[in-house]
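Residues per chain, in single letters:
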Amino acid sequence: MITRRDFLKISAFASLIGLGGSLSIEALEKKQGPQVLKDLKALKGKRWAMAIDTRKFKTQEDFDKVIKACHKAHNVPEIMNPLHEVKWIWTEDYEHSFPGTAEHYISKEVKERKFLLLCNHCDNAPCIRVCPVKATFKREDGITMQDMHRCIGCKFCMAGCPYGARNYNFLPPRDYIKELNPEYPTRMLGVVEKCTFCNERIDRGLLPYCVEASEGKIIFGDLYEPNSEIRKVLAENIIIRRKVELGTQPMVFYII
Amino acid sequence: MYDGWKIILGLIVFVIIVTLPFTMSIGRDYVKPQPSIDTPEIQKMEKKQCIESKQYMREAHIKLLYSWKDYASREGKRVYIASDGKEYTISLQNNCLKCHSNKEKFCDECHNYVNVKPYCWDCHIEPKVGGLK
Ligand code: SF4
Ligand code: SF4
């Protein structure tokens, strides 16, 4: 006959084995099965920012090259009617780029410059706050991203954005794209779109298309990295930003 | 039984309506959807194997794609390590459609059969066969 004491001992031991066994099986299982990871080549940054050297953009061609590189790669439709147009990056004159802060007595040369405008990927982005379905959100690295699958086309973000960076697709976009880039999707009728800071390229270790096409006129980097190139150019030059008084903390800087 | 005929008539109508899906398909041929994997890219493969097992892909491809969408756009994770350890790019256009370049004979085959209309193609560009709409 087995004593009560022995029985307890055996059962305690058995349950220990059982526990240990299930733990080790779990540990083994964790290693298998599908996994989702970041690309090892991905650029790493905590706050991506851009500095546009407006002194270096001289001819219309300088602008066109940059704009075309972005719009072609991202299948941005080319619509002439300004009421329906879609643009991720475009140009504007001094006064309209920096209303309110535009210094009247600045040199004539600066006043006559044109400025490249795009989404500012604000640190404190109003479009994110107003989006009712969280289609617009902040990535960890500071990029203001939009999930096109979720966008319901309510246009709140267009009203919220003080920079006019957001565009609604009033017309079926595919009808207005001359040459499709098969590596990137288009958008559909009734969603809002804008510059994405080329996060799809950053995630693969590449710089944004516009930065690449600018041949050194645009500097891109991590604002929170004290030794980065962008911090250096920001420290060494006179810079302005668009509508800082609104407190949105734009991440696109203009070197004057 | 009061109003017995009304009850029986009602029951008969009910049974007819409930069995409609079965009675309506009497005499119709059952056409099994045959998604084709006959594309140049797949022909080149030694072992014709999708990123996961056929059964899993058949049952859960939309779940997988949906999770991919969130991983890529929200977390910047763009690498998928399959159960067998192989690495793939998380992208419908730049991964899936590279092999399955025959949307009409592959995707549409089953989607039409079960009458679902996924809106992938409103934005994602299908490989050039029919090409642009
Ligand atoms: S239009 Fe789309 S992205 Fe903009 S606020 Fe509405 S749902 Fe969000
Ligand atoms: S960062 Fe990318 S998406 Fe934004 S304007 Fe430049 S090229 Fe276009």
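Residues numbered from 1 in each chain as written. Chains lettered and ligands numbered in written order. Predicted model: local features only at pLDDT ≥ 70, side-chain atom pairs only at ≥ 80, totals over all residues. Heavy atoms only, no water.

(A) Structural context of the pattern of salt bridges. Under the counting rule described, the total for this entry stands at 23 salt bridges over all chains. Taking the shortest distance from any N to any O, the salt bridge between A:Arg187 and A:Glu193 comes out at 3.0 Å. In this structure, B:Asp3 engages B:Lys6 in a salt bridge whose closest nitrogen and oxygen atoms are separated by 3.8 Å. Look at B:Asp3 and you get partly exposed, because its relative accessible area is 45%. Three or more residues joined by partner-sharing salt bridges are found here, namely A:Arg139, A:Asp141, A:Asp203 and B:Arg78. (Salt bridge = Lys/Arg side-chain N within 4 Å of Asp/Glu carboxyl O. Buried < 20%, exposed > 50% of the residue type's maximum accessible area, 1.4 Å probe, protein only.)

(B) Quick look at the side chain of A:Arg201. Residues and elements named next belong to chain A. Within the element layout of this structure, Arg201 appears in helix α7 (residues 199–202). Looking at Arg201, the relative accessible area reads 6%, which means it is buried. At 2.8 Å, the side chain of Arg201 and the side chain of Glu212 are in polar contact. Setting aside its immediate chain neighbours within four residues, Arg201 contacts Leu206, Leu207, Pro208, Tyr209 and Glu212. (Helix = DSSP H or I, 4+ residues; strand = E, 2+ residues; numbered from the N terminus. Polar contact = N/O pair within 3.5 Å; in protein donor to acceptor, adjacent residues only side chain to side chain. Contact = heavy atoms within 4.5 Å.)

(C) Spatial organisation of the domain arrangement of chain A. By domain assignment, chain A separates into domain 1 (1–28) and domain 2 (48–255). Put simply, the middle of domain 1 of chain A and the middle of domain 2 of chain A, counted by C-alpha atoms, are 63 Å apart. (Domains from an automatic or database assignment.)

(D) Spotlight on the sheet that holds strand β9 (residues 218–222) of chain A. Residues and elements named next belong to chain A. Strand order in this open sheet of four strands is β9-β2-β11-β10, and the pairing throughout is mixed. The sheet terminates laterally at β9 and β10 (239–240), the two strands that pair on one side only. Where strand β2 (residues 48–53) lies against β9, five bridges are found, and the strand directions are antiparallel. The residue bridging Ile52 from the neighbouring strand is Ile218, located in β9. Sheet strands in contact with helix α9 (residues 229–236) are β2, β9, β10 and β11 (252–255), and its direction is about 120° off that of β9. (Pairing = 2+ DSSP bridges. Axes fitted to C-alpha atoms, helices over the stretch in contact; angles between N-to-C directions.)

(E) Highlighting helix α4 (residues 92–99) of chain B. When we look at burial in α4(B), the residues that qualify are B:Leu92, B:Gln93, B:Asn95 and B:Leu97. Where α4(B) is buried, its residues meet α3 (54–75), β2 (87–89) and α6 (120–123) of chain B.

(F) Spotlight on the site of ligand 2. In the vicinity of ligand 2, the contacting residues are A:Cys70, A:His74, A:Trp88, A:Ile89, A:Leu118, A:Cys195, A:Thr196, A:Phe197, A:Cys198, A:Pro208, A:Tyr209 and A:Cys210. Residues of the shell around ligand 2, tallied by class, amount to ten nonpolar, two polar and no charged. (Near = heavy atom within 4 Å. Nonpolar A, V, L, I, M, F, W, Y, C, P; charged D, E, K, R; others polar.)

(G) Seen up close, the site of ligand 1. Surveying the vicinity of ligand 1 reveals 14 residues, the closest of which are A:Cys131, A:Cys151, A:Cys154, A:Lys155 and A:Cys157. Here the shell around ligand 1 is built from residues that sort into ten nonpolar, three polar and one charged.

(H) A look at the packing of aromatic side chains. One pass over the full model with this rule turns up eleven aromatic pairs over all chains. Between the aromatic rings of B:Tyr30 and B:Tyr113, the centroid separation amounts to 6.3 Å while the plane-to-plane angle is 75°, which identifies the pairing as edge-to-face. Remark: B:Tyr113 occurs in helix α5 (residues 107–113) and B:Tyr30 occurs in the loop between α1 (4–24) and α2 (40–43); sequence separation between them is 83 residues. The partly exposed category is assigned to B:Tyr113, whose relative accessible area is 43%. An aromatic cluster is defined as three or more aromatic residues linked by ring pairs; in this entry it consists of A:Tyr94, A:Phe98, A:Phe115 and A:Tyr254. Over the ring of A:Tyr209 we find A:Arg201, and its NZ or CZ is 4.1 Å from the ring centre. A cation over an aromatic ring shows up here: A:Lys217 above the ring of A:Phe57, its NZ or CZ 5.7 Å from the ring centre. (Phe/Tyr/Trp six-rings, centres within 6.5 Å; stacked < 30°, edge-to-face > 60°. Lys NZ or Arg CZ within 6 Å of the ring centre and 35° of its normal.)

(I) Up close: the interface of chain B and chain A. With 26 residues of chain B at the contact, the number on the chain A side is 29 residues. Between chain B and chain A, roughly 2,500 Å² of surface is buried when both sides are summed, and carbon and sulfur atoms account for 56% of that area. If you sort the residues of chain B by the area they bury against chain A, B:Arg74, B:Arg78 and B:Ile125 come out on top, with a joint share of 24%. Among the ionic pairs, A:Asp147 bridges to B:Lys69, the shortest N-O distance being 3.0 Å. Inspection of the chain B/chain A interface yields 15 residue pairs in polar contact (both at pLDDT 80 or more). Where the side of chain B that touches chain A is concerned, the elements lending two or more residues are α3, β1 (79–81), α4 and α6 of chain B. Partitioned by chemical class, the residues of the side of chain B that touches chain A number eleven nonpolar, six polar and nine charged. In this sheet, β1(B) lies alongside strand β1 (residues 35–37) of chain A in antiparallel orientation, the contact comprising three bridges. Bridging across to β1(B), A:Leu37 finds its partner in B:Val79. (Buried area = accessible area lost by both parts, 1.4 Å probe.)

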